[in-house]
Amino acid sequence: MARVSFTLWQQAYPLGKWAAQKGWKKGYTAVSDFIPGHDSEAAFTKAFTDAGGQIVGAVRFPPANPDFVPFVQRVKDAHPDVLFIFVPAGGQATGMIKAIKDLKLREAGIAVVSTQDLVPEEELPNMGDTPVDLITSGIYSVAGQRPANAAFLAAWNAEYGGKAIPDFLSAGGWDGAAALFNVIKQTNGKFDGDKAMAILKGWKHESPRGPIMIDPDTRDIIQNVYMRRTEMKDGKLANIEFDTIPNVKDPWKELNPPK
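Conventions we followed
Residues numbered from 1 in each chain as written. Predicted model: local features only at pLDDT ≥ 70, side-chain atom pairs only at ≥ 80, totals over all residues. Heavy atoms only, no water. Buried < 20%, exposed > 50% of the residue type's maximum accessible area, 1.4 Å probe, protein only. Helix = DSSP H or I, 4+ residues; strand = E, 2+ residues; numbered from the N terminus. Arc of directions from axis to C-beta. Contact = heavy atoms within 4.5 Å. Polar contact = N/O pair within 3.5 Å; in protein donor to acceptor, adjacent residues only side chain to side chain. Core = buried A, V, L, I, M, F, W, Y, C linked by side-chain atoms within 4.5 Å.

## Looking at helix α7 (residues 193-200)
Moving on, step 1. Here α7 has its buried residues at Ala196, Ile199 and Leu200. Buried residues of α7 fall within an arc of 95° about the axis and therefore sit on the same side. Turned more than 90 degrees away from the buried face of α7 sit Asp194 and Ala198, all of them exposed.
Moving on, step 2. Taken together, the buried residues of α7 touch α6 (168-187) and β7 (210-214).
Moving on, step 3. The opening residue of α7, the one whose side-chain oxygen lies 3.2 Å from the backbone nitrogen of Asp194, is Asp192.
Moving on, step 4. Among the residues trailing α7, Gly202 stands out with phi positive, at a value near 85°.

Okay, here's the thing in structure tokens:
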């Protein structure tokens, strides 16, 4: 297989480093209790503690949890400097944002950071102004200022006419199709799995999210990770990229090379 999407280590590990560099000393993690949550928790924790921070608490909640208030209250009681969150996008993200608002977590002096899953574009219209100034790490934003993103958004809007909002999964699907067509073109449609992998190893593409490449050694994706701030732009929430961590490989594989 080859991956054209992302890993959560790619996003949460750089975010943990960034949080420690901000001078926050005490961290707390709150994640959905399934593999993506575990990965993001482990990645943030390793990066944050390796950079000198301390995790003072951790909580996991069911992946389909309808009420985040009890878990957010635990965080508020512990009063860390920063809370790292992972929820699986969709309505879970809006539910978590509501709990943060209701318990006035940020007003209590607790910074909130997350991977892009907390502020997916399709959920932003449901979140009010609570996410303003929230920091996330991610691979794609509709607001990204790149020619390839402008072309992607033009094609998307021509097809769906405002009936759907693209997000990081949409960009991944677009790039997956580009990878498939690259294989088809190079082989005139006559290929097997081995031929496809030989072509995809080292494949480069100018994506809506920026330059991407398939690592020839791991067949995992190498891509930029962006630090984003959620801002109000033209009367709507948008994830505005303010820093770029270029050409990020999967940190887990970097830290755990084959023996």
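## Some remarks on the nonpolar core
Moving on, step 1. The biggest cluster of nonpolar side chains holds 28 residues, and the ones touching the most others in it are Leu15, Trp18, Phe44, Phe48, Phe84, Val113 and Tyr140.
Moving on, step 2. The set of elements that each furnish at least two residues to this core consists of α1 (8-21), α2 (35-50), β3 (82-86), β4 (111-115), α5 (147-160) and α6.
Moving on, step 3. The next biggest cluster of nonpolar side chains, apart from the first, holds 26 residues, and it includes Val75, Ile85, Leu105 and Ile110.

## Remarks on unusual backbone geometry
Moving on, step 1. Unusually for a residue other than glycine, Asp133 sits at a positive phi of about 75°.
Moving on, step 2. Among the structural elements, Asp133 can be located in the loop between β4 and β5 (135-138).
Moving on, step 3. Residue Asp133 is classed as partly exposed on the basis of its relative accessible area of 47%.
Moving on, step 4. Not every positive phi belongs to a glycine, and Asn247 is a case in point at roughly 50°.
Moving on, step 5. With respect to the secondary-structure elements, Asn247 resides in strand β9 (residues 236-248).

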